[in-house]
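Each chain, letter by letter, is given below.
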Amino acid sequence: MDRRRASRYDRSDPTRKAFDLADTPTPPLITANLAETMKVRSRDGKTIGAVHAFMVHKRSGRAMYAVLSLGGFLGMGKAYYAVPIALLAYDRAADGYLASVEPKALEGGPSWSSTAPAFDQDYADRVASYYGADKQDLEIG
C-alpha cells in the first residue's frame, strides 16, 4: 500500500495549476535612477530642480517620463514629479535639461513625496492630461 498522499504542492498532481509568470501582470515601466542628478532649467535659465530618474518602457527601451525632484533641503521636503519626456529638451552646453513647462505648472502637477504611486495607465493618462501632452499607451510603449 502506497502511503504517499498527494498534496496541493505535489508536482505529480494533475489538478495542480502550474505557476506561470506570464499570468502575473507586471508594470510596463521600470524606474532607472540616476547616479548623479542632472539639473533642469526653466526657459529663463533658472534652475528649477533635477532629473532624479527616468521611467523606461520595458519592451521598447524608450524613456517615456522623467521624474523631477523639486524643493527640499538636505533631502527633507523634496517632492517628485513625473513629466512626459517630450516636455524636456537636452541642452548639451549646460549638460542639463530645459523644461518647456513653467515652474508653477510643475508645482501643481501630480506628485509624491516618499512613496511613488503605481505608474499604471490611469496615472500616465492623468500626467498627460495635466501637462496637455499626448497620451501614451503603456502597453505599446
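Above this text sits the structure in question.
One structure accompanies this document, and this report is about it.

Cut-offs applied
- Residues numbered from 1 in each chain as written.
- Predicted model: local features only at pLDDT ≥ 70, side-chain atom pairs only at ≥ 80, totals over all residues.
- Heavy atoms only, no water.
- 1 Å grid on protein atoms, 1.4 Å probe; cavity = no way out; pocket = protein on both sides within 12 Å on 5 of 7 lines; lining within 4 Å.
- Points joined across faces, edges and corners; volume = space filled by probe spheres on them.
- Helix = DSSP H or I, 4+ residues; strand = E, 2+ residues; numbered from the N terminus.
- Nonpolar A, V, L, I, M, F, W, Y, C, P; charged D, E, K, R; others polar.
- Pairing = 2+ DSSP bridges.
- Salt bridge = Lys/Arg side-chain N within 4 Å of Asp/Glu carboxyl O.
- Buried < 20%, exposed > 50% of the residue type's maximum accessible area, 1.4 Å probe, protein only.

## Quick word on the layout of surface pockets
Here the largest pocket defines a volume of roughly 210 Å³. Forming the boundary of the largest pocket are 14 residues, of which Thr-31, Met-55, Trp-112, Ala-116 and Pro-117 lie nearest the centre. Contributions of two or more residues to the lining of the largest pocket are made by strand S1 (29-41) and strand S2 (47-57). For the lining of the largest pocket, the per-class residue count stands at ten nonpolar, four polar and no charged.

## A word on the sheet that holds S1
Ordered in space as S5-S6-S1-S2-S3-S4-S7, the seven strands form an open sheet in which the pairing is mixed. On the outer flanks of this sheet lie strand S5 (88-91) and strand S7 (111-112), each paired with one strand and no other. Across six bridges, strand S3 (residues 63-70) lies against strand S4 (residues 79-84) in antiparallel orientation. When the sheet's bridge partners are listed, Ala-66 is paired in S4 with Val-83.

## Let's talk about the pattern of salt bridges
A complete count under the given rule lists two salt bridges for this structure. Arg-43 is the partner of Glu-102 in a salt bridge, and the nearest nitrogen-oxygen pair spans 3.0 Å. Of this pair, Glu-102 sits in the loop between strand S6 (96-99) and helix H1 (103-107) while Arg-43 sits in the loop between S1 and S2, placing them 59 residues apart in sequence. A salt bridge links Glu-139 to Arg-59; the shortest N-O distance between them is 3.4 Å. Of this pair, Glu-139 sits in the segment after helix H2 (121-131) while Arg-59 sits in the loop between S2 and S3; the two residues are 80 residues apart in sequence, bridging distant segments of the chain. Residue Glu-139 is classed as partly exposed on the basis of its relative accessible area, which comes to 49%.

Without other data, these values stay purely geometric and don't point to any function.
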